[in-house]
Amino acid sequence: MVNTKIIKILYTFDRQQLKQLGLFLNSPFFNKNKEVVDIYNYLIKCISTSDHERKLDRKFIYRKLFPGRLYNIKKMQRLVATFSKLVKQFIAHNKLKENETEQQFKFLEYCKDAALYPYFNQTYDEIEQSLLGLQTKQKNDYFNLYALHLENYNYFSFTNINSNSADRIGALIKSLDSLSVFYLIRTLELACHLSSYQNVKKHEYKLPFIEAIIDQVSTSNFIEVPLIRAYYNILMFLRNHENEANFNQLNELLRTDVFIADPEEEKNLYDFAFNYCG
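The following refers to the structure shown.

About the cut-offs
Residues numbered from 1 in each chain as written. Predicted model: local features only at pLDDT ≥ 70, side-chain atom pairs only at ≥ 80, totals over all residues. Heavy atoms only, no water. Axes fitted to C-alpha atoms, helices over the stretch in contact; angles between N-to-C directions. Helix = DSSP H or I, 4+ residues; strand = E, 2+ residues; numbered from the N terminus. Parallel < 35°, antiparallel > 145°, perpendicular 65-115°, else oblique. Left-handed = near helix turned anticlockwise from the far one by under 90°. Nonpolar A, V, L, I, M, F, W, Y, C, P; charged D, E, K, R; others polar. Contact = heavy atoms within 4.5 Å. Buried < 20%, exposed > 50% of the residue type's maximum accessible area, 1.4 Å probe, protein only.

**Some details on the packing of helix α9 (residues 139-159) against helix α10 (residues 166-201)**
Angle between the axes and distance between the axes: these two values describe a pair of packed helices.
Logical step 1: At a closest axis distance of 8 Å, the pairing of α9 and α10 adopts a crossing angle of 155°. Classified by the interaxial angle, the pair formed by α9 and α10 is roughly antiparallel. Relative to α10, α9 is oriented so that their crossing is left-handed.
Logical step 2: Taken together, the residues of the contact of α9 with α10 sort by class into 13 nonpolar, six polar and six charged.

**Looking at the packing of helix α3 (residues 34-46) against helix α5 (residues 58-65)**
Logical step 1: The geometry of α3 relative to α5 is characterised by a closest axis approach of 11 Å and an angle of 120° between their N-to-C directions. Of the two elements, α3 crosses α5, and the hand of that crossing is right-handed. Only Phe60, Ile61, Lys64 and Leu65 of α5 make contact with α3, whose side of the interface consists of Asp38, Ile39, Tyr42 and Leu43.
Logical step 2: Its residues assigned to classes, the contact of α3 with α5 shows six nonpolar, no polar and two charged.

**Quick look at the environment of arginine 78**
Logical step 1: You can see arginine 78 is positioned in helix α6 (residues 73-98).
Logical step 2: Spatially, the C-alpha atoms of arginine 78 and asparagine 26 are 18 Å apart, while their sequence positions differ by 52 residues.

**A short note on unusual backbone geometry**
Logical step 1: We note that alanine 115 has phi near 60°; this positive angle belongs to a residue other than glycine.
Logical step 2: Among the secondary structure elements, alanine 115 is positioned in the loop between α7 (100-113) and α8 (117-132).
Logical step 3: Alanine 115 sits in the partly exposed class, given a relative accessible area of 41%.

Below you can see the structure in the form of C-alpha cells.
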C-alpha cells in the first residue's frame, strides 16, 4: 500500500487545498516530474471512492500509471518518496505564506548574506517598528524581537561595521532582554502545567531553577510584563491554594483582557482560573 501517512495527510486537505496542491505540483518552479502529477491525479480520484484500499496497492497504482510495463519496485518507491516530499514542501510553503513576519526574517537573512546592506537596514527597521508597535505582545513576539536583535548583532559582526560601537552592544543587550522575557513566560507557563498535573496526580515533580526564577520575577521589573505576571500568579496559587491574593491579581488582569491577543493563550489562562474556582 502507498505510504499511509501521506494518504492521511491528503485526507486532511479540503477541496481548495487539494486544488492548490495540484497547482503547486504543476508548477515547473517546484516540480518538473510529470509522473508526480500523474500519481497526484490518481490518488485524488482514488481516495474519494469506497474501494480505495484496493486501489492504493502499489502494484495496482503502477499498472494504472505505467500500463504494459513490468512492476519496478525501486521506481515506485522513488515516485512515492518524491510525491511525499513535495506534499510536505507544499504544507511548509503555505505555512510560510501565512506568516508575514517569518517572510520578512527570511528576506532579512538573504539581504545580509547577499551583502544588500541598505535593504537589510530598511527591512530591520520595518520589522522592529512592527513588533515594538504592537499594543499587546505575545510570547512569540518577544521571541521574534530576540531573533531580530540577534540578527542585527550578527550583522555588525559579519560586516565588521562599528565592531565596538554602542549600537552593536545595544543590539546584544536588546536580544538578551527579549530572550529573558520569552524564557520567563514560557518557563512559568510550563511550570503551571506541571504543577497542575502534580496536584491531580499527587506526585511531586522537580522543577529545575523554579525557586530562583520565582524569586527573580517577584523582585524585578519582569513582573510588570502582563503575561509573566499572569503565569506567576497562576503558579503561586497552584502551589498553594490558600494564596487567594494571587488568584485575585490574575482575575483583575483577566478583566482588563487587553494583554491577550492570542485565543489559545486566552483559553489557557481562563482554564487555569476556572480550575482554581472548581
